[in-house]
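Summary of structural features
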Amino acid sequence: MPKSTVSSRSRKSDNARPKKPYDDFPLSPHPSGAWQKKIKGRIFYFGRWGRVVDGKMQRLPDDGWQTALALYKAQVDDLQAGKTPRAKLVNGEVVTEAKGLTVKVLCDTFYTAKLRKLESGELSPRMLTEYDATLTRLRDEFGRHNLVDELKADNFAKLRAKLAKQFGPVRLANEIQKVRTVFKYAYESALIEKPVRFGPEFVKPPKHVMRKHRASGGGKLFTADEVRSMLDGKSVTEESGEVKRIAGASVQLRAMILLGVNAAFGNADCGTLPLSAVDLDGGWIRYPRPKTGIERRCPLWPETITALRAAIADRPSPKSAAVPLVFVTKYGHAWSAGGSSDAVTLETRKLLHRLDINGRRGLGFYTLRHTFRTIADATRDFPAVRLVMGHADDSIDDVYREHIDDDRLHAVVDHVWRWLFAAPSSKAKGVSYE
C-alpha cells in the first residue's frame, strides 16, 4: 500500500510538469517550477515553467521554455568554463553585460567614493544628493549596461539638449560640470584607459548668456522693507478699505532670517547650528561653515539674540540628542541637512508667497546671504566680510594675516543693521542698536 501511494504521488507530480517542446531540447523541468540542466556535475536553473499560486503549481504561458532556452544559450559557455555568467534575466529579457566599464558600474563606484568623502566630512550631504541625481540621469540617458568606452559625442549632445530644456543656464552649467567630473573620475581611477571625448556641444553656456540670465531675474537681493516684512509681517489695505494684517515668520524661522541677514547664514548653516556655537551672553557666534569648514566669527545684533532665545525656548524635543541643535522642527528633526528641498527652503517659500515677495525669480532663504554680502561690501573691509561669511581667501595677504579685530567685524554688521533697521519706516518703532 505505501508503495502504491508513493507511485501515485510521483505520477501526479510528473503529470504537472511540462514535456520538452522538442526532442533534443537541452533543459528538463524541475518540480520547483524551474527549467534545469546539469553542467560539470552541478545543477543550474534557467527561467521558470511554472509558479505556485494558492498552494498549487500553475504553468506559465508556453511554459516559459523560449526564455529559458535563450538564457541557457547565453550562459552555457561561461558555466562550462567555470566562470560566473555575464548574461542575466532582467524583466523577462536576457541581458548580457559587456566586457568593460558599464555606466552602472561607473555610477555605483563614483557614488561610493563620494559617500566615503561624506563620512569623512569632506563632502556636504547636499552635494551628495546632487551627485546622486546626476548619476540617475546618466543611467537613464545612457543605459545601465552600455559601455562607457562606447559613448559618443552625439550621446552627450542629446543629454545637454535635454538638460537645457529642463534647467536655466546656471543650473545647466553646474550639471555639465558634474557629468564631466564623473567621467574624469573614471579615467583618473584607471577604470578606463583613455579620457572620454564629450564632443564640441557638451559645454557650459557662454558668459554672455549667463549675464543675460542673471539680469533678467532682477538680482537675488531683498530690500530692507522686504526683510522687515519677513520678520514682523505687514499691513495691506484691501479694495474695501479694510486693513488686513499678514503675519511674518514663525518663532524659529524669524531667528533664522535674522541670522541670514546678520551673519550671512544659509540653509545648512541654520539647520546644523549646534547650541555650543552660540554665545548669547557675549553676543557672538563662532561656527565653521558646513559647506567649506572655514572658521568664522560674527557679532550678533540684540534683535538676533532676542530671537534666538525665543527660538531655543520654543524648541521641540529633538529625536536625536547626538548634537544638540538650535533649531528643531515640530517633528524633532533638523531643519536642514544640506539638501536642496529642506524645511528652511519650504517654509521660506510659503512666507514669501504669503507676503507677495515671490514675484522675482530665484528668491529664497539663501537670498539673505546675497543681501548681506551686497550691503556689507559698502564697508570695503572685505577680509572682515569674508570672515563673517566663511569665505575662503586664497590671496597672499591671508597667509600673513593672523587676526582680524572684533571692532572690524562689529563695523561690518553695524553697517548692515543700519541699512535694515535705521530706515525711516522703522525709526518710529524706536529701534536702536547702540
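The following paragraphs examine the structure supplied in this document. (Residues numbered from 1 in each chain as written. Predicted model: local features only at pLDDT ≥ 70, side-chain atom pairs only at ≥ 80, totals over all residues. Heavy atoms only, no water.)

Attention now goes to the overall build of the protein chain. Scanning the protein chain from N- to C-terminus turns up 17 helices and 12 strands. The 434 residues of the protein chain split such that 39% are buried. Put simply, 57% of the contacts in the protein chain that link residues at least 6 apart link residues at least 24 apart. (Helix = DSSP H or I, 4+ residues; strand = E, 2+ residues; numbered from the N terminus. Buried < 20%, exposed > 50% of the residue type's maximum accessible area, 1.4 Å probe, protein only. Contact = heavy atoms within 4.5 Å.)

Across the sheet, which stays open at both edges, the 3 strands sit in the order β10-β11-β12 with antiparallel pairing between neighbours. Lying at the two open borders of the sheet, with one neighbouring strand each, are β10 (278–279) and β12 (297–299). Pairing geometry for β10 and strand β11 (residues 284–286), over 2 bridges, is antiparallel. In the strand pairing of β11, V278 is matched with I285. (Pairing = 2+ DSSP bridges.)

With that settled, consider helix α16 (residues 406–421). Every α-helix winds through 3.6 residues per turn, so residues three or four apart in the chain are directed the same way. The terminal C-alpha atoms of α16 lie 22 Å apart, and with 16 residues this matches the ideal 22 Å at 1.5 Å per residue to within 8%. Every buried residue of α16 is accounted for by L409, V412, V413, D414, V416, W417, L420 and F421. (Expected span 1.5 Å × (residues − 1).)

With that out of the way, let us pick up the pattern of salt bridges. Inspection of the entire model under this criterion finds 18 salt bridges. Taking the shortest distance from any N to any O, the salt bridge between R254 and D232 comes out at 2.8 Å. With R254 in helix α9 (residues 251–263) and D232 in helix α8 (residues 224–232), this pair connects stretches of sequence that are 22 residues apart. Among the residues examined, R254 registers a relative accessible area of 25% and is labelled partly exposed. Several salt bridges converge on common partners, so that one network encompasses E130, R137, R171, E175 and K178. (Salt bridge = Lys/Arg side-chain N within 4 Å of Asp/Glu carboxyl O.)

Before going further, it helps to spend a moment on the packing of α9 against helix α12 (residues 343–354). For the pair α9 and α12, the least separation of the axes is 11 Å and the interaxial angle reads 95°. When the axes of α9 and α12 are compared, the pair comes out roughly perpendicular. Taking contact as the criterion, the partners of L253, M256 and I257 in α9 are, on α12, V344, E347, T348 and L351. For the contact of α9 with α12, a count of residues per class yields 5 nonpolar, 1 polar and 1 charged. (Axes fitted to C-alpha atoms, helices over the stretch in contact; angles between N-to-C directions. Parallel < 35°, antiparallel > 145°, perpendicular 65-115°, else oblique. Nonpolar A, V, L, I, M, F, W, Y, C, P; charged D, E, K, R; others polar.)

Along the chain, the position of D269 falls in helix α10 (residues 267–271). At 2.6 Å, the side chain of D269 forms a polar contact with the backbone nitrogen of G266. Separated by 3.3 Å, the side chains of D269 and R296 make a polar contact. (Polar contact = N/O pair within 3.5 Å; in protein donor to acceptor, adjacent residues only side chain to side chain.)

With 59 residues, the main nonpolar core has I257, L259, L273, W301, L308, F327 and F372 as its most contacted residues. Mapped onto this core, the elements with two or more residues apiece are α8, α9, β11, α11 (302–313), α12, α13 (367–376), α14 (382–389) and α16. Judged by nonpolar contacts, the second largest core, of 27 residues, contains L159, L163, L172 and V196. (Core = buried A, V, L, I, M, F, W, Y, C linked by side-chain atoms within 4.5 Å.)

Where two aromatic rings form a pair, the distance of their centres and the angle of their planes describe that pair. Per the counting criterion, the structure on display carries 17 aromatic pairs. Judged by centre distance (5.9 Å) and plane angle (80°), the ring pair of W301 and F421 falls under edge-to-face. Taken as a pair, W301 in the loop between β12 and α11 and F421 in helix α16 lie far apart in primary sequence, 120 residues in all. Joined through ring pairs, the aromatic side chains of F142, F156, F183, F198 and F202 make up one cluster. Seen from the ring of F167, R171 lies directly overhead, with NZ or CZ sitting 4.1 Å from the centre. (Phe/Tyr/Trp six-rings, centres within 6.5 Å; stacked < 30°, edge-to-face > 60°. Lys NZ or Arg CZ within 6 Å of the ring centre and 35° of its normal.)

Quick look at the packing of helix α4 (residues 125–142) against helix α5 (residues 153–166) now. Running from N to C, α4 and α5 point in directions that differ by 125°, and their axes come no closer than 11 Å. As the angle between them shows, α4 and α5 are arranged oblique. As α4 runs across α5, the sense of the crossing is right-handed. Residue-level contacts link R137, L138, E141 and F142 of α4 to N155, F156, K158, L159, K162, L163 and Q166 of α5. Its residues assigned to classes, the contact of α4 with α5 shows 5 nonpolar, 2 polar and 4 charged. (Left-handed = near helix turned anticlockwise from the far one by under 90°.)

Attention shifts here to the pairing of strand β4 (residues 50–53). When β4 meets strand β5 (residues 56–59), the two strands line up antiparallel, connected through 4 bridges. If you follow V52 over to β5, its bridge partner there is M57.

Turning our attention to α9. Over its 13 residues, α9 extends 18 Å from the first C-alpha to the last, a length consistent with the 18 Å expected when each residue adds 1.5 Å. Here α9 lies mainly inside the structure; 11 of its 13 residues are buried. Those residues of α9 not exposed but buried are Q252, L253, A255, M256, I257, L258, L259, G260, V261, N262 and A263. Looking at the residues trailing α9, positive phi occurs at A264, about 60°.

The next subject is the sheet that holds strand β2 (residues 34–39). Either a parallel or an antiparallel arrangement is found when strands of a sheet pair, and the pairing is made through backbone hydrogen bonds. In space, the 3 strands of this open sheet follow the order β1-β2-β3, with antiparallel pairing throughout. The open sheet is flanked by β1 (28–29) and β3 (42–48), the only strands paired with a single partner. Inspection of the sheet shows β1 paired to β2 by 2 bridges, in the antiparallel sense. The residue bridging S28 from the neighbouring strand is Q36, located in β2. Those strands touched by helix α2 (residues 65–80) are β2 and β3, and its axis lies near 145° from that of β3.

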